[in-house]
Amino acid sequence: MSTALITGATSGIGAEFAAQLAARGDDLVLVARNAERLERTAQHLRDTHGVQVEVLVADLNDRSQTLKVAARLEDADRPIDRVVNNAGFGMHGRLLDEDLMAETDLAIEVMLASVILLGGAAARAMKARGHGSIINVSSTAGFIQLGTYSAVKAAVTAYSESLAVELRGSGVTVTALCPGWVRTEFHERAGINTSKIPAAAWIEVTRLVRDGLADADRGKVLSIPTPLWKVAIALTRILPRSVLRAVSGKIRSGRR
């Protein structure tokens, strides 16, 4: 029996990870800020799949609460076999905004610092046991230039690849899951206009998580869903940076 810990587990990609892992028979530790929603999600998974579900209320913008999650990951008496660092939110402020740092500080703490802290805690515990899987939810935005969000997600991807290098041969795998446009409430909650995004660019969250788990099970370090996005990201490696900046500008103008 395996146990997975998932952050941001009550909505969107995190909730889908919880559902698919529970359907596999994995026990779960669900991490989120809202205690009521967390317990409701946990009870549904218990009733539907018959698995054990532990809830851990934590705001990952609070370092002391993130350390509480890290301690749970390093609890040798209750081992965690898979970690999904998913907690996050959308951003669409401009780099010239006077109040940029309020949102940026939050983004760095929740979507980068917590990933590094929890990834390290999980890696140490898993390496000691000789097995485990770490999935960090990043984004294809990290391959282009969409402001602070791109910078944060580029760092998450680079961190994931670096951690994979350090863990090579240990039995512990690290996967950066880099989705494009996913059909969840993520963009609406962030106030991002998606009306101009072509239908072919979207992926259903069920497929994203299914494919991400399959890639993680194979030990892939970068998981990019759908052939379309694989080609798009491959092009970012060979196109001139000036072209990528021009494309990024068009995407950004269409989101407002």
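Since the structure is predicted, the reported quantities are computational estimates derived from the model, not experimental observations.

Trainee: Just to check I follow, could you spell out the overall build of the protein chain for this structure?
Mentor: Within the protein chain, the regular secondary structure consists of 9 helices and 9 strands. For the protein chain, the proportion of its 256 residues judged to be buried stands at 50%. Excluding contacts between residues fewer than 6 apart, the proportion of contacts in the protein chain whose partners are at least 24 apart in sequence is 69%. In the form shown here, the protein chain has an accessible surface area of approximately 12000 Å², with 55% of it arising from carbon and sulfur atoms.

Trainee: Just checking my understanding: could you explain helix α3 (residues 63–73) for this structure?
Mentor: The α-helix advances 3.6 residues per turn, and as a result positions three or four apart in sequence lie on the same side. Where α3 is concerned, the buried positions are Thr66, Val69, Ala70, Arg72 and Leu73. When α3 is viewed along its axis, its buried side chains cluster within an angular range of 155° and face the same direction. Elements that come into contact with the buried residues of α3 comprise β1 (3–7), β2 (27–32), β3 (53–57), β4 (82–85) and α4 (100–129).

Trainee: What exactly am I supposed to notice about the environment of Arg210 here?
Mentor: Take Arg210: it is sitting in helix α7 (residues 205–217). Overall, the relative accessible area of 47% leaves Arg210 in the partly exposed class. Sequence separation between Arg210 and Leu21 is 189 residues; the distance between their C-alpha atoms is 9.5 Å.

Trainee: Whenever I open this one, the environment of Asp26 confuses me. Can you help?
Mentor: Mapped onto the fold, Asp26 is located in the loop between α1 (12–24) and β2. Residue class for Asp26 comes out buried when judged on its relative accessible area of 11%. Residues Asp26 and Arg82, spaced 56 residues apart in sequence, show a C-alpha to C-alpha distance of 9.6 Å. If near-sequence neighbours (up to four positions away) are discounted, Asp26 is found in contact with Ser2, Leu21 and Val51.

Trainee: Please clarify how the pattern of salt bridges should be interpreted in this entry.
Mentor: Tallied over the full model, the rule gives 12 salt bridges. The shortest N-O distance in the salt bridge between Asp211 and Arg207 comes to 3.3 Å. Separated by 4 residues within a single helix, Asp211 and Arg207 lie in helix α7, roughly one turn from each other. Taking relative accessible area as the criterion, Asp211 reaches 23% and is therefore assigned partly exposed. We note a salt bridge from Asp211 to Arg210, for which the minimum N-O separation is 3.6 Å. The network of salt bridges with shared partners includes Glu54, Arg72, Asp75 and Arg78.

Trainee: Can you help me understand the pairing of β2 in this one?
Mentor: Two faces, one strand: in a regular strand the side chains alternate between the faces of the sheet. In terms of residue burial, β2 counts as a mostly covered element, since 6 of its 6 residues are buried. By the alternation rule, side chains of β2 split into Asp27, Val29 and Val31 and Leu28, Leu30 and Ala32, which are all buried. Pairing of β1 with β2 involves 5 bridges; the strand directions are parallel. Along β2, the bridge assignment pairs Ala4 with Leu28. One crossover worth recording links β1 to the parallel β2 by way of α1, and it is right-handed. Note: β2 against β3, 5 bridges, orientation parallel. Each residue of the ladder has a partner; that of Leu30, found in β3, is Val55. Handedness of the β2-helix α2 (residues 35–49)-β3 crossover: right-handed.

Trainee: So what exactly am I meant to see when it comes to the nonpolar core here?
Mentor: Nonpolar side chains tend toward joint burial in soluble globular proteins. Ranked by size, the top nonpolar core spans 37 residues in total, and within it Leu5, Val69, Leu73, Val83, Met111, Ile134 and Leu163 carry the most contacts. Listing elements by their share of this core, those giving two or more residues are β2, α3, α4, α5 (147–166) and β6 (172–177). With 11 residues, the top contributor of residues to this core is α4. Within the second largest apolar cluster, 27 residues are counted, among which are Ala32, Leu38, Ile135 and Leu213.

Quick notes on the rules
Residues numbered from 1 in each chain as written. Predicted model: local features only at pLDDT ≥ 70, side-chain atom pairs only at ≥ 80, totals over all residues. Heavy atoms only, no water. Helix = DSSP H or I, 4+ residues; strand = E, 2+ residues; numbered from the N terminus. Buried < 20%, exposed > 50% of the residue type's maximum accessible area, 1.4 Å probe, protein only. Contact = heavy atoms within 4.5 Å. Areas by Shrake-Rupley, 256 points an atom, 1.4 Å probe, with all protein chains shown as cover. Arc of directions from axis to C-beta. Salt bridge = Lys/Arg side-chain N within 4 Å of Asp/Glu carboxyl O. Pairing = 2+ DSSP bridges. Right-handed = clockwise from strand over helix to strand, strands pointing away. Core = buried A, V, L, I, M, F, W, Y, C linked by side-chain atoms within 4.5 Å.

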